[in-house]
Structures are given as structure tokens and as C-alpha cells.
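Survey of secondary and tertiary structure
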Amino acid sequence: PVPAHDQAFLKNPGEETLVHALEHGRVIYWFKPNAPAAVRGDLKALYDEEKALVILTPNARPMPYEVAATAWTQLLGCPTYNDKVPDAFRAFRDAYRLKGPEYFPNAE
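For every chain, the first residue of the written sequence is number 1, and numbering continues from 1 along that sequence. Restriction of local features to residues with pLDDT of at least 70 applies here, the model being predicted, together with a cutoff of 80 or more for giving and counting side-chain atom pairs; totals for whole chains, interfaces and linings are based on all residues. Excluded from the side-chain calculations are hydrogens and water; all other atoms, namely the structure's heavy atoms, are used.

**Thoughts on helix α2 (residues 37-49)**
Each α-helix turn comprises 3.6 residues. Residues three or four places apart therefore point the same way. How we decide: Each helix is a run of H or I in the DSSP string that is no shorter than four residues. Each strand is a run of E no shorter than two, and both are numbered from the N terminus. To estimate the expected span of a helix, count its residues, drop one, and scale the result by 1.5 Å. Per-residue accessibility, obtained with a 1.4 Å probe over protein chains only, is compared with the maximum for each type, and a residue is labelled buried under 20%, exposed over 50%, and partly exposed between these values. What the arc describes is the spread of directions from the helix axis to the C-beta atoms. In this description, contact between two residues means that some pair of their heavy atoms is separated by no more than 4.5 Å.
Between the first and last C-alpha of α2 there are 18 Å, a value that for 13 residues agrees with the 18 Å anticipated at 1.5 Å per step. Every buried residue of α2 is accounted for by V39, L43, L46 and Y47. All buried residues of α2 lie within an arc of 100° about the axis, which places them on one face of the element. For α2, exposure combined with an orientation more than 90 degrees from the buried face picks out A37 and A38. Among the structural elements, β1 (27-31), β2 (54-58), β3 (67-71) and α3 (85-96) are those in contact with the buried residues of α2.

If you want it as C-alpha cells, here you go:
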């Protein structure tokens, strides 16, 4: 399948496209579909800071975290959203973006 594009999704685009995006070096910010509007808004603002190679999506499966960030073989899970999450997600993004096994420039 074609990897999910860098985007803020309102509906999960599907696991296969997201896994393929991780393989291409994307970082995904996840949130529970029932996360409060303020949490979703804060994550959208974080996504908007630097959209390159980042995806924002609700998780289609149950997860033990309110929000999480993933990269190829990496996970940062936060049981509840708090004021430390944005800095933690930025550090995670900067550490693991472009680290997928199939990365190449302008990976699609």
C-alpha cells in the first residue's frame, strides 16, 4: 500500500498505510478518539509547528495511553496528557524522524 501522507487526520487512514509511513521515516502522533477537544487541539498545534514527516491520527485500536508518539520500533506513551507532553513529543520527533528502514528523500 501507499504510505499515509504527512497530514492531520480526523479519521484513522488504516494500519497498513500508517505502518508503511513509519517504514519511510514518519513519526506518528496518536490520540484516543475520545480524547478531550483541548488535547486534540494541543496535538494539532504541535503537528502544525513542523508538519514534515509527521502524521497526527486517532488510534483505531484500544491503547493504554491518552496520547502516544511512534516511529519505526520506537514508542513514547503518555497515560494522560499534561504540559510536559509537547516537549517530549518534540524531542521524540527530532530523535527518531527519518529513521525508518525504507527512508529515501521525498518518500511516498
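**A look at the nonpolar core**
Among soluble globular proteins, nonpolar side chains are generally buried collectively. Applicable threshold: By nonpolar core is meant a set of buried Ala, Val, Leu, Ile, Met, Phe, Trp, Tyr and Cys residues that side-chain atoms within 4.5 Å join together.
In this structure, Y29, L43, V67 and F89 are the most contacted members of the largest nonpolar core, which totals 18 residues. Broken down by secondary-structure element, the contributors of at least two residues to this core are β1, α2, β2, β3 and α3. What Y29 contacts, discounting residues up to four positions off in sequence, is L46, Y47, V54, I55, L56, T57, A68, A69, F89 and R93. Counting residues in each nonpolar core, the second largest holds 10 residues, with A4, L22, M63 and A68 among its members.

**Brief notes about the packing of aromatic side chains**
The following threshold applies: Side-chain rings of Phe, Tyr and Trp (the six-membered ring for Trp) are treated as a pair once their centres are within 6.5 Å; stacked means planes under 30 degrees apart, edge-to-face means over 60, and tilted covers the remaining angles.
If you walk through the whole model with that rule in mind, you get 2 aromatic pairs. Consider the rings of F92 and Y96, whose centres lie 4.9 Å apart with planes at 55°: the pair is tilted. Of the two residues, F92 and Y96 are both situated in helix α3; the distance of 4 residues between them amounts to about one turn of the helix.

Remember that the coordinates give geometry; whether it matters functionally is a separate question.
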